[in-house]
Every structure is written in C-alpha cells, then in structure tokens.
Amino acid sequence: MLQLSFVNFKQNSYMLVEGTPAYPFFYIIQSGKVRLFHEGQMPGMSSAILGPGDFIGVVSCMSNHSQTESVVATTDVVAIKVIRDQYPDLIVKNTPVAMKIVRSFAHEMRILNDSLTKITLKGTMVETPEQLYQIGAYYEDGGWPEIACYCYYQYLKECPNGKDAESAKKRFIMLKKRCNPPYLETKGEMMRSYPKDTMIFSECQSGSDMYIVQTGSVKIVKVVDNEEIMLALLKKGDIFGEMALLDNKPRSACAIAHEDCSAMVINRSNFDQMVTTQPQLVARLTTMFAERLWSMYRQLANTQLTDPREKMIDMLALQLEKQRINAVRGVPYQTDYAIIDIVNLCGITQEAVGNATFQLQSDPNVKVKNGKIVVPDVIELIKQAAFYRKQNAKRALDRS
C-alpha cells in the first residue's frame, strides 16, 4: 500500500548533495522552490529552478547509484517522500506522475546524448535520413555487406525519391543476393536475435522500438568523416533505443551487434499497455532508465578529464560500477574488456591509440590476462577514479 510522508526543508538548506550515496527514496515538491545544479562544470548542463509537481533525486534513488546533482531549497519547501519499493504502487495510484517521470527521463537523456555527441564529435551534426546512404556506403566499403544492405533498405524506405535512390536500389539488390541482414521488416517480435556485425538500427532512421540486451553485447556508434566512432558498449541488461520510443525522434546513433546477441523489444503500444497492466515491469524500466541516465552523467564527467590515463581509468571504473561488481578489497577481478575497448570508449584518436594503450597497461590498477583487463582491486580503482573527477572539477572551478 502506498504510504507517503511529508518532509520540511528550510530556505537555503541542502536537500541533496552531488556524489553522496543514494537514498532509498526521492522527493516530489508539494510547495516551495528549489535550485538544482552540478558542483562541477558539466557541458550542456545548467542550474534549474523547480517547483510544485517537480521531483528530485529520482535518478539516484531508482538506479541506487550516487547523487547526480545537488539541490538547495531557495524557499521553505514541503516535499513528499516516495520510497523506492513503493514506486509500483505510485504507478497504479497516480499513473500521470509516473509517466511524467519516465518522459522527463527521455527528455534528459536526449539532452545528455546531444551533449555527449557534440563533445565526442567535436561539433554539431546535421542529421537527415539522406545520411543513411552514406552510412551504407561506408559499411559496404569496409566489408560489412549485411550492415550496408540494411542501410540501403532503410534509405529507400525513408527517401524513396532521394537523390541516391537509384544507386541505393542497385546496391541493395546486389548485396541481397549474397547476404541476409536480419529484420529488414519486423513483425512485432518481442524477442530478436542478431548475429555478430549485423545492424539493429541505424542513426537517422525513424523507429519507435526500445531494446533490452538479453545475451551478448551491442555497440552504439556513429559514422563521422568516414570513420566509425564507438559511443558505448552495452551488455546484458542494458537498454538502448529508449529515446525514439519516448520522444518520437529519429535514431541518434547506430546499434550494431558487437557479438551474437539477443534483445527484448518494447514498442510504443505494448509500453502504453504495460503502464496500466504491469506496474512492476514499468518500475523495472524506470530503474533501467535511471541507470542509463546515471551512466550518461558519468560519461559526461569523463569527457572533462584531459589526462588520457585518468580518462581511461575513470571509463573502466564506470563500466565496473554499471555492472555492480561485488568487489572484495584486494581480490583481482577479470573483466570482459580488452584494452582497446576502453581506449575506444574514451574516443582516443587513432594517432594517440598506441601511447594511450601503453599508459593504461602501465597503470598499477590494470593488468592484462588472455587479452582482457584484470583489475587487481576494484574498490581501489573506483576510489582512484573518483579522486580524478573531484580534482578535475576543483581545477575547473579554480579556472572559472
């Protein structure tokens, strides 16, 4: 049964502090106003004034990770405290509030994704469906016929009268004779399987499906200046495609099977049905959205680290924190990541890959066994990464 309590905060008091451990609850503001801000300089992120009906601390609460922002009461505030375990009851009793939380997550993820993309790609991308042809040509030239075939097909769907339509049709017909890309057209499957190096969806493509990785791994990439740039490597339990589901905008990146994988598919119609009939599942999805948001905040903080070694150590720590490793101090942990995976996730330029690889291999927090990274002490690695971020934020404040 949903049992809510009210908490009073005096003007100028802190309600949440960035970087502190998660609370098992979040707040909905009933009266008064608060200021939400980030202690360090976060590109694309500015302070915000929130008032009645707004909520704070949901990302940290639902993901059970550290607080992602600080919140100060700018007036006397009365807040409703919602316990994490009672969130499914909130969905049933007050569906509009739950949907407001989910849709705000989608909006926040779009902002963070745009910020991360601009930083990673050193500029603003103008994205149109016409780019599907160029993406297909890149993968065809690179020797990935299934991916190229998929892109040409989607280009013809999106731009049947486009300037490259005739060429795309010829290339698609030629490639289709020797390859069989999965799911060119879907039939509402709830589970899909993708062989390694096949495309799940392409950037600039329209779509309304969200995916949850069940087995294997998926890489999220963009093709820029005839080069594939990896933005994320997703494992079992990770979600992707959620922004297209919730805000009805074109895909912002490509999703490709990094190895043989399977994924659960959630579309707009079954998602809307879940909200009213399966509150426990919607609560789980909200938790997954929160974990994704927390990860994106951490990625954004990672982009501000200028030292390559510190950036890579922090990125490795982020991957382990996402997996919720049950770490024991001093006990080595074998990861699924190769050195080059972490280098690529940090967006290290091709010219700097050799030096970056050497730096990471030389760090005392990292060992390599059978081509994969072994962390001698996960707790120490995460502690070291937090120190790097804190020092970097302090230097940024000193410069401002």
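Residues numbered from 1 in each chain as written. Predicted model: local features only at pLDDT ≥ 70, side-chain atom pairs only at ≥ 80, totals over all residues. Heavy atoms only, no water.

Undergrad: Which residues make up the sheet that holds strand β4 (residues 34-37), and what values go with them?
TA: In spatial order, the strands read β2-β7-β4-β5; together these 4 strands make up an open sheet with antiparallel pairing. Strands at the two margins of the open sheet, each flanked by one partner only, are β2 (14-16) and β5 (48-50). The average undirected angle you get between the axes of adjacent strands in this sheet is 30°. Bridge count for β4 against β5 is 3 bridges, and the pairing is antiparallel. From the neighbouring strand, Leu 36 faces β5, where its bridge partner is Ala 48. (Pairing = 2+ DSSP bridges. Helix = DSSP H or I, 4+ residues; strand = E, 2+ residues; numbered from the N terminus. Axes fitted to C-alpha atoms, helices over the stretch in contact; angles between N-to-C directions.)

Undergrad: Account for the sheet that holds strand β18 (residues 367-369), with residues named and values stated.
TA: As summarised here, the arrangement of the 3 strands in space is β17-β19-β18, forming an open sheet in which the pairing is antiparallel. Of all the strands in the sheet, the pair left with one neighbour each is β17 (333-334) and β18. Inspection of the sheet shows β18 paired to strand β19 (residues 372-375) by 3 bridges, in the antiparallel sense. Counterpart to Lys 367 in the pairing with β19 is Val 374.

Undergrad: Can you tell me about the pattern of salt bridges, naming the residues and giving the values?
TA: This structure, assessed with the given rule, holds 16 salt bridges. We note a salt bridge from Asp 54 to Lys 100, for which the minimum N-O separation is 3.7 Å. Placement of Asp 54 in the loop between β5 and β6 (55-56) and of Lys 100 in helix α3 (residues 95-120) is noted, with a sequence separation of 46 residues between them. Relative accessible area serves as the criterion here: at 23%, Asp 54 is assigned to the partly exposed category. Two residues, Asp 314 and Arg 298, come together in a salt bridge whose shortest N-O distance is 3.1 Å. Of this pair, Asp 314 sits in helix α10 (residues 308-323) while Arg 298 is found in helix α9 (residues 279-303), placing the two residues 16 residues apart along the sequence. Summarising the burial analysis for this pair, Asp 314 and Arg 298 share the class buried. Each of Arg 298, Asp 314, Glu 321 and Arg 389 takes part in salt bridges that share partners, so that together they form one network. (Salt bridge = Lys/Arg side-chain N within 4 Å of Asp/Glu carboxyl O. Buried < 20%, exposed > 50% of the residue type's maximum accessible area, 1.4 Å probe, protein only.)

Undergrad: Explain the nonpolar core residue by residue, including any values.
TA: Counting residues in each nonpolar core, the largest one holds 114 residues, and the members touching the most others are Tyr 87, Tyr 139, Phe 240 and Ile 342. Apart from residues lying up to four places away in sequence, Ile 342 is in contact with Met 312, Met 315, Leu 316, Gln 319, Tyr 337, Leu 360 and Ile 373. Phe 9, Leu 16, Val 34 and Leu 50 belong to the second-largest nonpolar core, a separate cluster that totals 14 residues. (Core = buried A, V, L, I, M, F, W, Y, C linked by side-chain atoms within 4.5 Å. Contact = heavy atoms within 4.5 Å.)

Undergrad: A description of the packing of α9 against α10 should follow, citing residues and the corresponding values.
TA: Two quantities define a packed helix pair, namely the angle between the helix axes and the distance between the axes. Interaxial distance between α9 and α10 falls to 10 Å at its minimum, and their mutual angle equals 175°. As the angle between them shows, α9 and α10 are arranged roughly antiparallel. Within the contact between the two elements, α9 uses Trp 294, Ser 295, Arg 298, Gln 299, Asn 302 and Thr 303 and α10 uses Lys 311, Asp 314, Met 315, Ala 317, Leu 318, Glu 321 and Lys 322. Partitioned by chemical class, the residues of the contact of α9 with α10 number 4 nonpolar, 4 polar and 5 charged. (Parallel < 35°, antiparallel > 145°, perpendicular 65-115°, else oblique. Nonpolar A, V, L, I, M, F, W, Y, C, P; charged D, E, K, R; others polar.)

Undergrad: Describe unusual backbone geometry, listing the residues and the values that go with them.
TA: Of note, Asn 64 is a non-glycine position whose phi angle comes to about 60°, a positive value. By secondary structure assignment, the location of Asn 64 is in the loop between α1 (58-63) and β7 (70-73). Here Asn 64 falls in the partly exposed class, since its relative accessible area comes to 44%. Of note in this structure, Asp 197 is not a glycine but carries a positive phi near 65°. Mapped onto the secondary structure, Asp 197 falls in the loop between β9 (191-194) and β10 (199-201).

Undergrad: Describe helix α6 (residues 165-176), and please don't skip the residues or the numbers.
TA: Its 12 residues place the ends of α6 16 Å apart at the C-alpha level, agreeing with the 16 Å of an ideal helix rising 1.5 Å per residue. Buried residues of α6: Ala 165, Ala 168, Phe 172 and Leu 175, and no others. With its buried residues spanning 95° around the axis, α6 presents them on a single face. More than 90 degrees from the buried face of α6, the exposed residues found are Glu 166 and Lys 170. Those residues of α6 that are buried lie in contact with α4 (131-141) and α5 (145-158). (Expected span 1.5 Å × (residues − 1). Arc of directions from axis to C-beta.)

Undergrad: Mind laying out the environment of Pro 145, listing which residues take part and the relevant values?
TA: Within the secondary structure, Pro 145 is located in helix α5. Classification of Pro 145 as buried rests on a relative accessible area of 17%. Sequence separation between Pro 145 and Leu 175 is 30 residues, and the spatial gap between their C-alpha atoms is 6.4 Å.

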